[in-house]
Amino acid sequence: MSANELRFPENFVWGAATAAYQIEGAARADGRGDSIWDTFSRTPGKVFQGHTGDVACDHYHRYADDVALMAGLGLQAYRFSIAWPRIQPDGTGPVNPRGLDFYDKLVDELGNRGIDPVVTLYHWDLPQTLQDRGGWTNRDTAEHFADYALAVHARLGDRVRTWTTLNEPWCSAYLGYGNGVHAPGEQDAGAAFAAVHHLLLGHGLAARALRAAGVQTLGVTVNPADVQPADPQSEADLAAVRLVDGLHNRIFLDPLTGGGYPADVLEHIARHVEPTFVQDGDEKIIAAPIDLLGINYYSPTYVAGKPGGAGGSAYPGTAGVVEFLPPVGPLTEMGWMIEPAGLTRLLERIATDYPGLPLMITENGGAFPDKTGTEGPDGTGWVADTDRVAYLDGHLRAVHEAIARGVDVRGYLVWSLLDNFEWAEGYRKRFGIVHVDYLTQRRTPKESARWYREVIARNGL
Ligand code: GBH
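Each value, and the rule that gives it
- Residues numbered from 1 in each chain as written.
- Predicted model: local features only at pLDDT ≥ 70, side-chain atom pairs only at ≥ 80, totals over all residues.
- Heavy atoms only, no water.
- Near = heavy atom within 4 Å.
- Polar contact = N/O pair within 3.5 Å; in protein donor to acceptor, adjacent residues only side chain to side chain.
- Areas by Shrake-Rupley, 256 points an atom, 1.4 Å probe, with all protein chains shown as cover.
- Nonpolar A, V, L, I, M, F, W, Y, C, P; charged D, E, K, R; others polar.
- Pairing = 2+ DSSP bridges.
- Helix = DSSP H or I, 4+ residues; strand = E, 2+ residues; numbered from the N terminus.
- Axes fitted to C-alpha atoms, helices over the stretch in contact; angles between N-to-C directions.
- Contact = heavy atoms within 4.5 Å.
- UniProt positions renumbered as here; feature names shortened; annotations may be inferred.
- Buried < 20%, exposed > 50% of the residue type's maximum accessible area, 1.4 Å probe, protein only.
- Expected span 1.5 Å × (residues − 1).
- Parallel < 35°, antiparallel > 145°, perpendicular 65-115°, else oblique.
- Left-handed = near helix turned anticlockwise from the far one by under 90°.

*Asks:* Whenever I open this one, the site of the ligand confuses me. Can you help?
*Replies:* Surveying the vicinity of the ligand reveals 15 residues, the closest of which are Gln22, His123, Glu363, Glu422 and Trp423. Between an oxygen atom of the ligand and a side-chain N or O atom of histidine 123, the distance comes to 2.8 Å. Taking tryptophan 423, its side chain carries an N or O atom lying 2.8 Å from an oxygen atom of the ligand. Here the ligand loses 77% of its free accessible area of 580 Å² to cover by the protein chains. Split into classes, the residues belonging to the shell around the ligand amount to eight nonpolar, four polar and three charged.

Okay, here's the thing in structure tokens:
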């Protein structure tokens, strides 16, 4: 071991993440119902070139090979999500056993290979039938979510240790119901805030039910923003930080950790909608104890306080007061700034303001172009994604730095194992450490996959 080698803690968990709609395909197999993403992606103009998740990576049929691939990389954990419409095609009522069979087999296969499953119960694919009744703007959806969570647990709970409820409720609420960039594509600030609350309530109800069913490691994944001022000396910029931080971070993290909704955020919400959806007792349910907070981080957010500022379409009430700064290079293919220091700042901030919560990086990664024509020495062909290696290396150093400063980070899951359906961007953006040829479904580990395998083997950089 060289002197400048960075070692991670002994029990640090290394893995990769995916989500059901992004990789499974088999959209109509074995009694699966439609989700809001089926509807959305089949609606012209919503997703790049009309791409859908109908086939995706065909992981539904290729899961065994994909688990073998994970084992080859030495992954210790695999985070995947369960498609609610496979389990309850209409979101309520009797369970579809054939839908559960798939995850049953997947979990067994992971077990055979010694890979620890990390289950996400909801990664954005709400059953369409529930959306027809208002989706996350309807309080009943929270209750249905808890029923669904229990149904999944009843089948997988004997083998799955780590359960997380939601993935990035910020995206579900603000992109789904606020600016409409994601399914179900609604554009209504009041709906977005109602969705925030019902997502949190759904988390709390599911957490309570799962705990009662014996789950020991329970969490939720958020995508907190590292919100920074254009000028740290400017009062106006710091006020903009406070507003965006409230709408992005504190609105979720305060209630999740028992503090209830922050007063300034409630005041802001009340300018858009009377928050009658918050009922007595809800905050207590939302504050159900958790053992793990999943953190997804990609990029920092810089803001300035500016009269007449354009605001952010995803942040109701920021137009006229906040300017989101254009990203400055280097950027990923998504146009997102690459700033590993943002991850260290974010982790430290969460550890300071919400102490005592073990953290796990449940997603981090980047979209980068494939350098074509680069063949491996063995002639099998490989994909040189040098930019991704640099991105991952930088962010792992940032995680290590946070740990060195005392933050309790338990593991790191790269986004993503495979190139996949990147939501509104369709298949044109590739986040995988394994390349997928969508014509043949051939998987080719990229340079980053080989590099990551070494990182895992060394437990360090
Ligand atoms: C995650 O979302 C998802 O969980 C995952 O399914 C998805 O594939 C992956 O990330 C990649 O997108 O507008 O420049 O300020 C992340 C969504 C990304 C939303 C960063 C907010 C702000 C970047 N977030 N984004 S910018």
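Additional details are given in the paragraphs that follow.
*Asks:* Just checking my understanding: could you explain the sheet that holds strand β11 (residues 409–415) for this structure?
*Replies:* The pairing of strands in a sheet comes from backbone hydrogen bonds and takes either a parallel or an antiparallel form. Here eight strands make up a closed barrel; going around it, the order is β1-β2-β3-β4-β5-β7-β10-β11 and the pairing parallel. Taking the axes of each pair of neighbouring strands and ignoring which way they run, one obtains an average angle of 25° across the sheet. Along the sheet, helix α15 (residues 447–458) contacts β1 (13–17) and β11; its crossing angle with β1, the most-contacted strand, is approximately 155°.

*Asks:* Would you mind going over the UniProt feature "binding site: substrate" (unreviewed entry) in the chain with me for this structure?
*Replies:* UniProt records the feature "binding site: substrate" (unreviewed entry) for Gln22, His123, Asn167, Tyr298, Trp415, Glu422 and Trp423 in the present numbering. Tracing the backbone shows glutamate 422 in the loop between β11 and β12 (434–437). Apart from residues lying up to four places away in sequence, glutamate 422 is in contact with Gln22, Met334, Trp415, Lys429 and Phe431. Classification of tryptophan 423 as buried rests on a relative accessible area of 4%. Those residues in contact with tryptophan 423 that sit more than four places away from it in its chain are Tyr21, Gln22, Trp37, Val47, His123, Trp124 and His182.

*Asks:* Help me out: how do you make sense of helix α3 (residues 59–73) in this one?
*Replies:* An α-helical segment advances 3.6 residues per turn. Residues three or four places apart therefore align on the same side. Across its 15 residues, α3 extends only 17 Å between first and last C-alpha, which sits more than 12% below the 21 Å expected from 1.5 Å per residue. Phi turns positive, to about 80°, at glycine 74, one or two residues after α3.

*Asks:* Got a minute to help me understand the UniProt feature "active site" (unreviewed entry) in the chain in this structure?
*Replies:* Listed under "active site" (unreviewed entry) in the UniProt record, and renumbered for this structure, are Glu168 and Glu363. Taking the farthest pair of C-alpha atoms as the criterion, the annotated set spanning 196 residues converges on one region, since that pair is 10.4 Å apart. By secondary structure assignment, the location of glutamate 168 is in the loop between β4 (162–167) and α8 (169–178). By relative accessible area, which is 6% here, glutamate 168 ends up buried. Setting aside chain neighbours within four positions, we find glutamate 168 in contact with Trp124, Thr221, Val222, Asn223, Asn296, Tyr298 and Glu363. Positionally, glutamate 363 belongs in strand β10 (residues 359–363). Owing to a relative accessible area of 3%, glutamate 363 belongs among the buried residues under this scheme. Excluding residues within four positions of it along the chain, glutamate 363 makes contact with Ala17, Arg79, His123, Asn167, Glu168, Ile295, Asn296, Tyr297, Tyr298, Leu413 and Trp415. Within the structure, glutamate 363 has its side chain in polar contact with the side chain of arginine 79 (distance 2.9 Å).

*Asks:* It is not clear to me how the packing of helix α13 (residues 340–353) against helix α14 (residues 386–404) should be interpreted in this structure. Could you clarify?
*Replies:* Between two packed helices, what matters for the description is the angle formed by their axes and the separation of those axes. The contact between α13 and α14 brings their axes to 8 Å, and the two run at 25°. The angle between α13 and α14 places the two elements in the roughly parallel class. The chirality of how α13 crosses α14 is right-handed. Side by side, α13 and α14 meet where Pro340, Leu343, Thr344 and Leu347 of the first sit next to Gly394, His395, Ala398, Val399, Glu401 and Ala402 of the second. Its residues assigned to classes, the contact of α13 with α14 comprises six nonpolar, three polar and one charged.

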